[in-house]
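# Fold and contact review
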Amino acid sequence: MTAPVLPQHRVALVGRLRSFGDAVALRWLDRSGMQTLPYAVLAARVDERRVALGTTPRLVLLEAGNDVESVVTLLAALAGGHPVVLAAPGGGAGLVEAWDPDVVARGPLLEARRPGSAHDLHPDLALMLSTSGSTGSPKLVRLSTANLDCNAEQIVDALGLRADDVAATTLPLQYCYGLSVLLSHLSVGAGVLLTDLSVVDTCFWEAFGEAGGSTLAGVPYTFDLLDAAGFASRDLPRLRLLTQAGGRMDPAAVRRWVALGEERGFDLLVMYGQTEATARMATLPAHLAADNPTSIGVAVSGGRFSLAPVEGAAAGVGELVFEGGNVMMGYATTAADLARGAEVTALHTGDLARFTADGLVEIVGRRSRFAKVCGLRIDLDRVESDLTSGGRTAYVMDGGDRLLVAVTASAGECDVVSVRREVSERYAVPRTAVVVTDVGEVPRTPSGKVDRPALAALVDAFGEGTCPTPDRLIARSGEESADEPAADGARTGNKSEAVRELYAELLERPDATLDDSFVTLRGDSLSYVEASVRLEGLLGTLPESWHVRPARELGRASDPAPEVPRWRRVRSIETSVLLRGVAIAVIVLTHAGVLDIRGGAHALLAVAGFAFARFQLSGEARSERVVHALESVTRIAVPAMAWLGVLFLVDERYSPWNPVLLTSVGGSNVHPQWRYWFVEAVVHILVGVTALLAVPALDRLERARPFAFPVALALVALVFRYGLVDVGSHHVNGRPAVVLWLFALGWAAARTTATWQRWLLTAYVLVVVPAFFSDPVRDATLAGGLLVLLWVRSVRVPAVVVPVVVPVASASLFIYLVQWEVMGRVGYSPLGAAVAILTGWIAWRGASPIVEPVARWVGRSAARVLGLRAASVS
């Protein structure tokens, strides 16, 4: 049979695929390892799918995942002159209704809804995307074949892309930035690693290293995740370029990444773009980034920037206008617009900008009412319109990485929880990135207009919510997992349906089916932890590959015959949480005379250092780190000082140094005064290391060397451990300076990413712990706890233990504080220990609503001093 004669490739970069021959175009991981697809084979598969699509131009809706079949279908449609509407996997239902596509493509499946086309399609039309990844606006951007080829060439020129480069799909393909990475690399014969794994996933870095990754793209939030994942300590010998777009990155972060790149041998290229310009409009040359971190640079090749006058703008400021071959054809709001040709030559970006003395462009604000929240562009006016109903009025403002929502109700109070949920579900924004406040009376200007700056400040002051980070989610899931209600499906006994319902809720995908998996529903590293904890509560032990198994299969796999009784089920619990719970119980039982296992409090110091590294040293700016650390100090110091203040007033054995946590400075050699040495040591050390990291040079050093920094601190601390510097003549092992090495060791343990690092810390433990106490058994207990923290990330425990361990661990500070007074009255006995633990838990539950607002007030006050928005530390 004669092969069909295919029409000329419409998009030039697709037509070049075959010319790259046996070079590897695409790489991906499956269960058998790394797979590759050469360019020649890719070109053949593209041609096959072109035949399947037909020669008559048709409108194709492609639900594009970061997978081979999506790439093949996309390239085939572009090559054959079939305009493509890109959607997220499972997200095409609304677009089908709105645009009536002729073909719906999901993976390798082509669902032809008619033989020809129901639309009049302009011959230049190639692609339609949502505006800059926006949600809430019904219009699509119309891009031509010339737009795609032009911008791919511009990006190749700006990045200096080569045939030996390899990129990874760190962003979704329906997002113009993610799509530009794919097309620009394919246009020069470079490689692309197709993956849905997050940059905080160890498997991602294993695949990136095996593929020889050399370029990495991200939005600002991606860089936060890179920080949280210990990027600075990773060995990536082929990495030569990081690109950043998708919103403004903090200038301090730009400088820090530039400095890290200079040290590690890669460049940071800050970019600027919009979907309306296909993807990229400007790049900031790497050698200019450190001195110009607020700039977006210069126009891409063939492009030109100018400023349009804006009434009321400052001198030299205007609306940024871009001209170039990558400017869109225009917008489409109805199917009739698909027949329209190019209507735009100059793109008014909506950004207010100015030119610097060096000719660089600097964005200073927005002219229109749009906001970028977690990488999504949100139409604020549309959100307001949608929320204003049923006697409720809403005002929505840009809060940087959050939506600030002020609501008023005509009768009674407004349910802010339901408003937050509504915004999150409707606009695909994480719930914790939506700040909602019932403001009652709306502030207004003297002219009677709504005073939006004052309203935003009001929501900032009283609302809650920040863009989620891995440490916050992990902490939250660890605290809440024991009390998490089961999905409805679990109550009905259908576990497959329960898994589907859990995915639908957790991933905000009500369209989830039994054939979907965590990966196909685009679960990410943030939701991975919470999903795994909740699934274990639902199903028991999870298989290693649970995240790629369909809900149907997971449900079946969880139904062994006979079913494991509830009391025999096991759950995973993080070692640091388990150590906190077990250690505080052992401490109380030892003080009660029930056990004689000492060293638990010192092991908890290492746990404190471990938690500090995980939850306080995220990828945020230095000043925000300081603010969050001060909040943590407040949560410890305030209840401790209040409790010790009461004891000082009623018990003459305590001194005035106890309530101010300065016993190690002026306290006497009286045993009760030293009962609370642990609390004092933690507070002193936290304040000390926070002060260290407040120094810009040390902050940069810690980010560049996240493992070496705490190791160095642990080594320096040995001068106090071995008495080379005198810190006192009594209760030496309870003084902050002497136990600093334990905190630093826990910090370093949290920063390990390689086995040799753990062995190095193991050697440190085996050398430093012996003879720390005069009791070898106590030394062994401490060493055992440290090594468990170092080598065991999680422990499988009976499921019935989790609801006990997690609350006890959470209340450990309060249990430590009240234990002596409770047991002094109930008795130093098993009963006294049990009552002490219960009393501490009750105190924790009762004090938290009081202590938490104080901590936030401290955070807001510190933020004002440091020049931050108070809301950033809510």
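As the structure is a computational prediction, the values presented were derived from the model and not from experiment.

This model, assessed by the stated rule, comprises 24 aromatic pairs. Ring centres 5.4 Å apart and planes at 50° place the aromatic pair F231 and W257 in the tilted group. Of the two residues, F231 is situated in the loop between α8 (220-228) and β12 (241-244) and W257 in helix α9 (residues 251-264); the sequence distance between them amounts to 26 residues. Taking the centre distance of 6.5 Å and the plane angle of 55° together, the rings of Y272 and F305 count as tilted.

Sheet strands associate in pairs through backbone hydrogen bonding, adopting either a parallel or an antiparallel arrangement. Taken in spatial order, the seven strands make up an open sheet running β6-β5-β3-β4-β7-β8-β18, and their pairing is mixed. The sheet is open, and its two edges are formed by β6 (109-112) and β18 (330-332), each paired on a single side. Adjacent strand axes in the sheet meet at a mean angle of 25° when their direction is disregarded. Sheet analysis places strand β3 (residues 60-63) next to strand β4 (residues 84-87), joined by four bridges and oriented parallel. When the sheet's bridge partners are listed, L62 is paired in β4 with L86.

Take the packing of helix α19 (residues 575-591) against helix α30 (residues 802-810) next. The interhelical angle for the contact between α19 and α30, taken along N-to-C directions, is 80°, at an axis separation of 8 Å. With respect to α30, the element α19 is oriented roughly perpendicular. Contact residues: V577, L578, R580, G581 and I584 in α19; V805, V806, V808, A809 and S810 in α30. For the contact of α19 with α30, the class distribution of residues is seven nonpolar, two polar and one charged.

Right, let's get into the pairing of strand β15 (residues 295-299). Where a strand is regular, its side chains alternate between the two sheet faces. Bridging between strand β14 (residues 282-284) and β15 involves two bridges; their strand directions are antiparallel. By the bridge assignment, A282 is partnered in β15 with A299. Bridging between β15 and strand β20 (residues 361-366) involves two bridges; their strand directions are antiparallel. By the bridge assignment for β20, G297 is matched with V361.

Turning our eyes to something else, we now look at the nonpolar core. Side chains that are nonpolar tend, in soluble globular proteins, to be buried together. Residues W741 and W747 are the most contacted members of the largest nonpolar core, which totals 84 residues. Looking at this core, the element that brings in the most residues is helix α27 (residues 736-750), giving 11 residues. The residues contacting W747, other than those within four sequence positions of it, are G609, F610, F612, A613, L617, V689, L693, E702, F709, P710 and L713. Ranked by size, the runner-up nonpolar core spans 56 residues in total, among them L13, V84, L129 and V300.

Among the structural elements, V806 can be located in helix α30. On the basis of relative accessibility, which here comes to 5%, the residue V806 falls in the buried class. Linking V806 and G581, residues 225 residues apart in sequence, is a C-alpha distance of 6.8 Å.

Parameters at a glance
- Residues numbered from 1 in each chain as written.
- Predicted model: local features only at pLDDT ≥ 70, side-chain atom pairs only at ≥ 80, totals over all residues.
- Heavy atoms only, no water.
- Phe/Tyr/Trp six-rings, centres within 6.5 Å; stacked < 30°, edge-to-face > 60°.
- Helix = DSSP H or I, 4+ residues; strand = E, 2+ residues; numbered from the N terminus.
- Pairing = 2+ DSSP bridges.
- Axes fitted to C-alpha atoms, helices over the stretch in contact; angles between N-to-C directions.
- Parallel < 35°, antiparallel > 145°, perpendicular 65-115°, else oblique.
- Contact = heavy atoms within 4.5 Å.
- Nonpolar A, V, L, I, M, F, W, Y, C, P; charged D, E, K, R; others polar.
- Core = buried A, V, L, I, M, F, W, Y, C linked by side-chain atoms within 4.5 Å.
- Buried < 20%, exposed > 50% of the residue type's maximum accessible area, 1.4 Å probe, protein only.

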